[in-house]
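Summary of structural features
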Amino acid sequence: KMLCVECGSEITETHRIISKANIRLTHCSNCGNVADKYVEYDFIIQFLDLILHRIQVYRHILFNGKDSCDQRLSINYIRIIAIYVFFETFTKWCHLHDVVSSTSISDSIHINHPYRHYFGVMILTFVEFIVYTLGVYLSVRFIVKETKYNHVNCILKAITLGNFGKGFMFLAMIWNYDFFSFSLIINIFVITSNILSLQALFDCNLLQSLMCVLTGYSAKILVQYLARLFFDNIPLCLLDFCIK
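What this report covers is the structure whose coordinates are included nearby. Every chain's residues receive numbers from 1 upward, in the order its sequence appears when written. Whole-chain, interface and lining totals are the exception, using all residues; otherwise, since this is a predicted model, local features are given only for residues with pLDDT of at least 70 and side-chain atom pairs are given and counted only at 80 or more. For the side-chain quantities, the full set of heavy atoms in the structure was used; hydrogens and water were omitted.

**What about the overall build of the chain?**
Applied cut-off: The way it works is that DSSP assigns letters per residue, a run of H or I at least four long becomes a helix, a run of E at least two long becomes a strand, and they are numbered from the N terminus. Any residue under 20% of the maximum accessible area for its type is buried, any over 50% is exposed, and the rest in between are partly exposed; the area is computed with a 1.4 Å probe on protein chains only. Between two residues, a contact is recorded if the distance between any of their heavy atoms is within 4.5 Å. Surface exposure here means Shrake-Rupley accessible area, sampled with a 1.4 Å probe, where a residue is shielded only by the protein chains that are shown.
Summing up its helical and strand segments, the chain has 9 helices and 4 strands in all. Secondary structure elements of the chain occur, N-terminal to C-terminal, as β-β-β-β-α-α-α-α-α-α-α-α-α. The buried share of the chain, taken over its 244 residues, is 44%. Nonlocal contacts in the chain, meaning residues at least 24 apart in sequence, comprise 63% of its contacts between residues at least 6 apart. Accessible surface, the chain: about 13500 Å² in total, of which carbon and sulfur atoms supply 63%.

**Description of the pattern of salt bridges**
Let me state the cut-off plainly: What makes a salt bridge here is a side-chain nitrogen of Lys or Arg within 4 Å of a carboxyl oxygen of Asp or Glu, nothing more.
Scanning the entire structure with this criterion turns up 5 salt bridges. The partner of Glu-13 in a salt bridge is Arg-16, and the shortest N-O contact between them spans 2.5 Å. Glu-13 sits in the partly exposed class, given a relative accessible area of 25%. Judged by relative accessible area, which is 51%, Arg-16 ranks as exposed.

**Some words on the layout of surface pockets**
For the record, the criterion: Cavities and pockets are defined on a 1 Å grid built over the protein atoms alone: a cavity is a set of grid points where a 1.4 Å probe fits but cannot escape, while a pocket is an open set with protein on both sides within 12 Å along at least five of seven lines, and lining residues are those with an atom within 4 Å of any such point. Grid points are joined across faces, edges and corners, and a volume is the space filled by probe spheres set on the points. Residues are sorted three ways: Asp, Glu, Lys and Arg are charged, Ala, Val, Leu, Ile, Met, Phe, Trp, Tyr, Cys and Pro are nonpolar, and all the rest, Gly among them, are polar.
The calculated volume of the largest pocket comes to roughly 590 Å³. Lining the largest pocket we find 19 residues, and of these Phe-43, Gln-46, Ile-61, Ile-80 and Leu-161 sit closest to its centre. Mapped by element, the contributors of at least two residues to the lining of the largest pocket are helix H1 (43–51), helix H2 (55–64), helix H3 (75–102) and helix H6 (152–162). The residue inventory of the lining of the largest pocket, partitioned by class, reads 10 nonpolar, 6 polar and 3 charged.

**Regarding empty space enclosed by the protein**
Under the criterion given, the structure shown has 2 cavities of 30 Å³ or more. Approximately 110 Å³ is the volume attributed to the largest cavity. Considering the residues around the largest cavity, the lining is formed by Tyr-84, Val-85, Glu-88, Thr-125, Glu-128, Phe-129, Tyr-132, Asn-163, Lys-166, Val-190, Tyr-217 and Lys-220. At the level of secondary structure, the elements contributing two or more residues to the lining of the largest cavity comprise H3, helix H5 (114–143) and helix H9 (206–230). For the lining of the largest cavity, the class distribution of residues is 6 nonpolar, 2 polar and 4 charged.

**A few points about the environment of Ile-83**
With respect to the helices and strands, Ile-83 occurs in helix H3. It is 8.0 Å that separates the C-alpha atoms of Ile-83 and Gly-167, two residues lying 84 residues apart in sequence.

**Some words on H9**
Put simply, the rule is: Each residue after the first adds 1.5 Å to the expected span of a helix. Here a polar contact is recorded for every N or O atom pair within 3.5 Å, except that within protein the pair must consist of a potential hydrogen donor and a potential acceptor, and residues adjacent in sequence are included only if both atoms are side-chain atoms.
Given a rise of 1.5 Å per residue, 25 residues ought to cover 36 Å, and the 36 Å separating the end C-alpha atoms of H9 matches this to within 8%. Of the positions making up H9, those classed as buried are Ser-209, Cys-212, Val-213, Gly-216, Tyr-217, Lys-220, Val-223, Gln-224 and Ala-227. With a side-chain oxygen lying 3.2 Å from the backbone nitrogen of Leu-207, the N-terminal cap of H9 falls on Asn-205.

**So, the side chain of Thr-14**
Relative to the assigned elements, Thr-14 resides in the loop between strand S2 (10–11) and strand S3 (15–19). A distance of 2.9 Å separates the side chain of Thr-14 from the side chain of His-15, its partner in a polar contact. When neighbours within four sequence positions are excluded, Thr-14 is seen to be in contact with Met-2, Leu-25, Thr-26, Asp-36, Val-39 and Asn-64.

**Points about the pairing of strand S4 (residues 22–25)**
Put simply, the rule is: Strands are treated as partners if at least two bridges between them are detected by DSSP.
In the sheet, S3 pairs with S4 via 4 bridges, with the strands oriented antiparallel. Its bridge partner lying in S4, His-15 is registered against Leu-25.

What follows is the structure, given as structure tokens:
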């Protein structure tokens, strides 16, 4: 199934091949606009539109791209998820190292076993992602009640697309930003991207998409605080939206 990126109506094709060097973009029969202008756009244009939160590019990637929702979860999505987890883990671990180094109280666990703590943060980050996905999945079944795209593969693809902003955590590895402020901005950006991605997937209203994302994030933050409750050596600086 392919969709018009402008109105979300179902279409049969995005373009027609006239010759080897010539294609004709299909117009949507519902809205009259070009059904998918991103067919002839470069990746950089699509990426900029993702940053600008244009729902058309979300529809293009989710429905008209090579790894659309109708297909199984490809290795590309698994690699992207692994990169997200790595970036978030590494930036949290670096921030934790800076916090421990700047405090007058020595922490033997962090100083003597830094790599063991790194893998602990990685496991916590991966569990957070799984819990967030499950939270969104369950909330979608009760709030959106979509029957065709409410299975885990589609939702996981939409969440992966919405989490593309986590790649900006790479900047925190290069420049010395204030971690709390930078992480807060990235988290807000990722939340809004997830809202738009789910809205494009289910063609739901903004409130429904917002409730699904907030449910997932609430589950994620709950896991963070439960982990800190049962494991006292998890510092508060590793939690989302924590107070300094």
